[in-house]
Amino acid sequence: METTRSPGLGGGTIPKPPSKAKLAAKPAVVEAVGVAKPQSDEKPPLTFRRRLVWTAVGGFLITNFLMFLRFFFPRTLFEPSSRFRIGYPADFSLGVDERFKQSHRIWVVRQPDKLFVVYAKCTHLGCTPNWVETENKYKCPCHGSGYDMEGRNFEGPAPRPMDRAHVEFDADGQIVVDIARLYSCPPGAPCQFETDPNSYLVVS
Ligand code: FES
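Here's a quick rundown of the structure.

## Some points on the pairing of strand S11 (residues 164-169)
In the sheet, S11 pairs with strand S12 (residues 175-183) via six bridges, with the strands oriented antiparallel. Its bridge partner being in S12, valine 167 is matched across the sheet by valine 177. The antiparallel pairing of S11 with S12 creates a hairpin that spans five residues between the two strands, and glycine 173 there sits at a positive phi of about 90°.

## Comments concerning the nonpolar core
Judged by nonpolar contacts, the single largest core of 16 residues is most densely connected at Ile86, Ile106, Val108, Ile175 and Val177. Mapped by element, the contributors of at least two residues to this core are strand S3 (83-87), strand S5 (106-110), strand S6 (114-119), S11 and S12. In terms of nonpolar packing, the next biggest core, distinct from the first, is built from 13 residues, Val109, Val118, Ala120 and Ala158 among them.

## Quick word on the pattern of salt bridges
By the definition in use, this model includes ten salt bridges. Across the pair lysine 137 and glutamate 155 runs a salt bridge, and its minimum N-O distance is 2.8 Å. Placement of the pair is lysine 137 in strand S8 (residues 137-139) and glutamate 155 in strand S10 (residues 153-155), with a sequence separation of 18 residues. Of the residues examined, glutamate 155 reaches a relative accessible area of 25% and is grouped as partly exposed. In this structure, arginine 152 and glutamate 150 form a salt bridge, with 3.9 Å as the shortest nitrogen-oxygen distance. A cluster of three or more residues bridged by salt bridges with shared partners is formed by Glu135, Lys137, Lys139 and Glu155.

## Notes on a nonpolar patch on the surface
Together, Ile62, Phe65, Leu66, Phe68, Leu69, Phe71, Phe72 and Phe73 line one region of the surface with nonpolar side chains, adding up to about 920 Å² of accessible area. Turning to its location among the elements, isoleucine 62 is positioned in helix H2 (residues 43-70).

## A word on the pairing of S6
When you tally the buried positions in S6, you get five out of six residues, the bulk of the element. Looking at chain direction, S5 and S6 are connected through five bridges and run antiparallel. Residue pairing for S6: valine 109 is matched across the bridge by phenylalanine 116. Counted between consecutive antiparallel strands, the loop separating S5 from S6 contains three residues. Relative to strand S13 (residues 201-202), S6 runs antiparallel, the two being bridged by two bridges. Note that in S13 the partner of lysine 114 across the bridge is valine 202.

Rules and cut-offs
Residues numbered from 1 in each chain as written. Predicted model: local features only at pLDDT ≥ 70, side-chain atom pairs only at ≥ 80, totals over all residues. Heavy atoms only, no water. Pairing = 2+ DSSP bridges. Helix = DSSP H or I, 4+ residues; strand = E, 2+ residues; numbered from the N terminus. Core = buried A, V, L, I, M, F, W, Y, C linked by side-chain atoms within 4.5 Å. Buried < 20%, exposed > 50% of the residue type's maximum accessible area, 1.4 Å probe, protein only. Salt bridge = Lys/Arg side-chain N within 4 Å of Asp/Glu carboxyl O. Patch = residues over 30% accessible without salt bridge, like charges linked within 9 Å, V, L, I, M, F, W, Y side chains within 5 Å. Areas by Shrake-Rupley, 256 points an atom, 1.4 Å probe, with all protein chains shown as cover.

Here is the structure:
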């Protein structure tokens, strides 16, 4: 800092005010020495982060909107009807018919004087047995239960015979089966399918 002598006061010095030119030059010094200007290549990461956040928010909102729309389309399971026609008695020859096992889980059993429908579900733990024609029996593949042609258990852990389905004739004489109405033979109790007339059909 420049100084000047004060006339007539014993030689003391009074500091000179800075010139206008120096004052004007100061900001340049601060700018040069002080705060560093942000570099232009720091902006892209900030923009990328913003984009990332907005993408996440947008994805979240879209997902929730789609989930909301999903409520307008209830999940419906289209299963075959439990009540269906299987044809006329003359369509079945003596023995066990497996035509409807895959589609409706039943066997149609034709005997000389009657016809009935066995529901193909093992009474042990519910597996689907197989009809073994060479041995004249149904055999469960899970734990080995065996049933005769009428569905009566005679070997393995099955506790009782397999159920029979409701059968009746329609107005045209076709056989109608309803697997929602089953007749059973509980252990130690009389069999429903021996007493209920809708558990078999009389045929000739
Ligand atoms: S489920 Fe058939 S024997 Fe066990």
